[in-house]
Structures are given as structure tokens and as C-alpha cells.
Amino acid sequence: MHKIGVLTSGGDAPGMNAAIRAVVRKAIFHGLQVAGIKRGFQGLIQGDIIDMDLGSVGDIIHRGGTMLFTARSDEFRTEQGREKAFQQVQEHGIDGLIVIGGDGSFRGAKLLSDMGVPTIGIPGTIDNDIPCTEFTIGFDTAINTVIDLVDKIRDTATSHERTYVIEVMGRNAGDIALVAGVSVGAESILIPEEKYDMIKVVEKLKRGAARGKKHSIILVAEGAGKGFAIGEVIRELTGWETRVTVLGHIQRGGSPSAFDRMLASKMGAYAVDLLKAGERAKMVGTMGGQLQATDITEALATPRKPDLTLYHLADALSI
Ligand code: F6P
């Protein structure tokens, strides 16, 4: 192996830059050359590829986003698109590829691997929705952003004695809502993985109010329902002043936390080691804090379960 490529794909996540830095530096440490592929698989198809050296990843470990840019590529979903990508890999002499992204990116990585390009995936998404790893890069920063924002909303919720519905990201996974919800002491947490009944949610809010509670926070993952619709139901069933805040893409930005910088640095370096050792079609993860490699096919076929003990804990602590 002489030259490896690295790209970021799908939604960006804080810590992706730290992962790119680790990949580039560890590869150069091993005497390999590194090609940076811009705008994910789309950039690969278009040959948007740059040479990277030690300096090109200087001053990025603390920055959110991804210096390589990211994209979602419809063209790569077609056979012709993948053929063009494969030709670019060959023309640039890339012997192995590291893909930093979510499950869609891993599917792309597997397809390229099947075409003969050794590929390793690094989980980078704020959603934490990848199986076979405890954490994805960006999740820790995102939950800390959410906690900070919800704490601020709580100040005004208390002052005005209002009920707040706060919608957080998580199209298919409730991890952000769950972890942030427990951490801010939310009265209710609504996630896509668990059915909920608005009548029961409101009964609980009313019990709290009868006990003298002055305000309530309901955290809803976007995949579990629209914040504005849930706010409307609460308003109708209670007659209370209810406000809705959708946190949106602010959750994807910001300087990565210490945890995400560490995770990204470890995963990036490990991915290079795996490629160098001749591995392919693997994804990097951590279990019990230890790095591990899992077959991408196995990872994609593994059902992903959120930590429901947190869901029940939140319920018990917010009676
Ligand atoms: O990064 C994952 C995620 O944040 C999802 O939770 C969300 O639904 C999606 O990305 C939105 O991304 P975009 O607006 O870039 O399509």
C-alpha cells in the first residue's frame, strides 16, 4: 500500500476534522501518501482530489465541520456513477480508502470495497445511530450543545411559567433526545424507537402542575414527531401557554468536545492501521472504550437499539 484516500460524506459532525487529521498524520507516519477527496463520493466521481501533507491538516483539530466538505451523492447510487468513482481511484493511484460518515456512507464504502477498493469506515454523525459502536464522532459535542441550549430555554420557561416543546435532531434515532433529555431533567422524552401516547404525556404534565411545577420541558426527537404539532396538542389538551423551539442545524456545528477529539483521533489512526494490515470493508467502533473493527456488512445488518434503560430512568426521575 502506497497511497490512501480519505473523504467525509453525509451530514457533517464536529470531530470530523480531528479524524481527517489523524488519518493524514498516521498515514504519513507510516510512510504513506494521502489523497484528500472533496465533497464525499460526488467529489470522488468528479476527481476533486488533492494531495495532503502534514501541514494541510494543521490548525483543524478544534474546528467543527469538515475541511474536505461533504455531500450526498445521487450519482454514486448508480452503477455508472460508481464506475466513474472507481476509475478516479485507479487514476490517482489510491490503494485504500477511508470513509468518514454515517450508515449511507458505509453502504457506499461497502460497494467500493466489492469493486476491489479496500475501504474502512469511521462512524461520524451526531445521531449516534450506527450499530457496533458505543459512540459516533460528533454525538458528544451535539448533546452538550443541546444541553446548553435547553438550559437557556429553561431560564425563560421558569420565568414565564411556560411549557416548552424542544425538537432535536434524530431522523431515525432518539439518542440525542434521550441523553440530552436525562441530562436536562426533561419531563418527557419522545423518541422514534418507543411508542408514546399524548394523553399520558399530558396527564403527567398535569400531575406535575398540580404538585406546583411551574414549567415543563418536553424533548422530542424529529423522528418521533414534529415539535409544532406536539405543542399544539399540549395547548389544546391543557389550555396552557406552550412554546416550541426547533434547535435544527445549530446541533451540527461548533468546536468538538474533548471526547470527540479523542475518539476521532483514535479512530482515524486505527483506520489507517487496519488498511495497512490488509483489512477491507470494516468499520471502526468502540466497545467498553476499546477500539474494534467489525465487517461493514455485519454492522449494516445489525439492528440498532438505543439505550432504553435511559428512557425508563428519565421516566422514573420525572414523575
Ligand atoms: O446528521 C444527521 C442529521 O442531523 C439528522 O438527524 C437530520 O435529520 C439530518 O441530518 C438533516 O440533514 P440535512 O439537513 O443536511 O439533510
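Note that residues are indexed from 1 along each chain, following the sequence as it is written. Local features in this predicted model are restricted to residues of pLDDT 70 or higher, and side-chain atom pairs are both shown and tallied only at a pLDDT of 80 or more, whereas totals for entire chains, interfaces and linings draw on every residue. Note that water and hydrogens are dropped before the side-chain values are worked out from all heavy atoms of the structure.

- If you look the chain up in an unreviewed UniProt entry, it shows as ATP-dependent 6-phosphofructokinase from Tumebacillus algifaecis.
- Of the comments in the UniProt record for the chain, the one headed Function (unreviewed entry) reads "Catalyzes the phosphorylation of D-fructose 6-phosphate to fructose 1,6-bisphosphate by ATP, the first committing step of glycolysis." UniProt positions are given in the numbering used here, feature names are shortened, and annotations may be inferred rather than shown by experiment.

**A word on the overall build of the chain**
- Only DSSP runs of H or I covering at least 4 residues are called helices, and only runs of E covering at least 2 are called strands; the numbering of each starts at the N terminus. Tallying secondary structure elements over the chain gives 11 helices and 11 strands in all.
- Radius of gyration: C-alpha atoms only; globule rule: 2.2 Å multiplied by the number of residues to the exponent 0.38. Over its C-alpha atoms the chain spans a radius of gyration of 22 Å, differing by no more than 12% from the 20 Å that the globule rule assigns to 319 residues.
- In terms of overall dimensions, the chain has a C-alpha envelope of 70 × 35 × 35 Å along the principal axes.
- A total of 319 residues make up the chain; the buried ones form 53% of that total.
- Throughout, a contact is declared for two residues whenever any of their heavy atoms are within 4.5 Å. Excluding contacts between residues fewer than 6 apart, the proportion of contacts in the chain whose partners are at least 24 apart in sequence is 75%.
- Only four residue types enter the charge count: Lys and Arg as positive, Asp and Glu as negative, with His and the chain ends excluded. To locate a charge, take NZ of a lysine, CZ of an arginine, CG of an aspartate or CD of a glutamate. Of the side chains in the chain, 36 bear a positive and 39 a negative charge, and the two mean positions are spaced by 2 Å. Any residue under 20% of the maximum accessible area for its type is buried, any over 50% is exposed, and the rest in between are partly exposed; the area is computed with a 1.4 Å probe on protein chains only.

**Describing the site of the ligand**
- Near, as used in this document, describes a residue that has one of its heavy atoms within 4 Å of the molecule or strand being considered. If you check the shell around the ligand, you find Arg72, Ile126, Asp127, Met169, Gly170, Arg171, Glu222, His249 and Arg252 and nothing else.
- Under the rule applied, a polar contact is a pair of N or O atoms within 3.5 Å (in protein, one hydrogen donor and one hydrogen acceptor; residues adjacent in sequence only if both atoms are side-chain atoms). At 2.7 Å, a side-chain N or O of Glu222 approaches an oxygen atom of the ligand.
- One of the side-chain N or O atoms of Arg252 is found 2.9 Å from an oxygen atom in the ligand.
- The Shrake-Rupley method, run with a 1.4 Å probe, gives the accessible areas here. Residue values count only the displayed protein chains as cover. Bound to the protein, the ligand loses 80% of the 400 Å² it would expose on its own.
- Taken together, the residues of the shell around the ligand sort by class into two nonpolar, two polar and five charged. Classification used: nonpolar for Ala, Val, Leu, Ile, Met, Phe, Trp, Tyr, Cys and Pro, charged for Asp, Glu, Lys and Arg, polar for all others including Gly.

**Some points on the packing of helix H7 (residues 198-210) against helix H8 (residues 227-238)**
- Only C-alpha atoms enter the line fits that serve as axes; for helices the fit covers just the stretch in contact. Angles between N-to-C directions range over 0 to 180 degrees. The interhelical angle for the contact between H7 and H8, taken along N-to-C directions, is 60 degrees, at an axis separation of 10 Å. Considering the angle they form, H7 stands oblique to H8. Remark: the crossing between H7 and H8 carries right-handed chirality. For the pair H7 and H8, the contacting residues are Met198, Ile199, Val202, Leu205 and Lys206 in the first and Ile230, Val233, Ile234, Leu237 and Thr238 in the second.
- Here the contact of H7 with H8 is composed, by residue class, of eight nonpolar, one polar and one charged. Orientation categories follow fixed angle ranges, with anything under 35 degrees roughly parallel, anything over 145 roughly antiparallel, 65 to 115 roughly perpendicular, and all other angles oblique. Less than a right angle of anticlockwise turn of the near helix away from the far helix marks a crossing as left-handed, whereas a clockwise turn marks it as right-handed.

**A short note on the sheet that holds strand S5 (residues 119-123)**
- A pair of strands counts as paired when DSSP detects no fewer than two bridges linking them. Strands sit in the order S3-S2-S1-S4-S5-S10-S11 across an open sheet of seven strands; the sheet is mixed. Two strands close off the open sheet at either side, each with one partner strand: strand S3 (49-52) and strand S11 (290-295). Going across the sheet, the axis of each strand differs from the next one's by a mean of 30 degrees, ignoring polarity.
- The pairing of strand S10 (residues 282-287) with S11 spans six bridges and is antiparallel. Note on S11: the bridge partner recorded for Met283 is Thr294.

**Things to note about the nonpolar core**
- Here, nonpolar core refers to any group of buried Ala, Val, Leu, Ile, Met, Phe, Trp, Tyr and Cys residues whose side-chain atoms link them within 4.5 Å. Grouped together as the largest cluster of nonpolar side chains are 58 residues, with contacts concentrated most on Ile4 and Ile98.
- It is helix H5 (residues 139-160) that provides the largest number of residues to this core, a total of nine residues.
- Both domain 1 (3-138 + 256-301) and domain 2 (139-253) contribute no fewer than three residues apiece to this core.
- Residues in contact with Ile98, not counting those within four places in the same chain, are Ile4, Gly5, Val6, Leu7, Val23, Ile120, Ile122, Ala271, Val272 and Leu275.
- Counting 23 residues, the second largest nonpolar core, distinct from the first, contains Leu7, Ala35, Leu44 and Val117. For the domains described, the bounds stem from an automatic or database domain assignment.

**A word on the packing of helix H6 (residues 175-184) against helix H11 (residues 308-317)**
- Taken N-terminus to C-terminus, the directions of H6 and H11 make an angle of 35 degrees; their axes are 10 Å apart at the nearest point. Considering how the two elements wind past one another, H6 and H11 form a crossing that is left-handed. Between H6, through Leu178, Val179 and Val182, and H11, the contact on the second element is made entirely by Leu310, Tyr311, Leu313 and Ala314.
- Considered class by class, the residues forming the contact of H6 with H11 number seven nonpolar, no polar and no charged.

**Thoughts on the pairing of strand S4 (residues 96-101)**
- When you tally the buried positions in S4, you get six out of six residues, the bulk of the element.
- Across the two faces of S4 the burial is the same, with Gly96, Ile98 and Ile100 and Leu97, Val99 and Gly101 all buried.
- Pairing analysis gives five bridges linking strand S1 (residues 3-8) to S4, with the strands arranged parallel. Across the sheet, the residue bridging to Ile4 is Gly96, located in S4.

**Details of H6**
- Taking burial as the measure, the 10 residues of H6 include seven buried ones, the bulk of the element.
- Within the sequence span of H6, burial applies to Asp175, Ile176, Ala177, Leu178, Ala180, Gly181 and Val184.
- Positive phi shows up at Gly185, right after H6, with a value of about 70 degrees.

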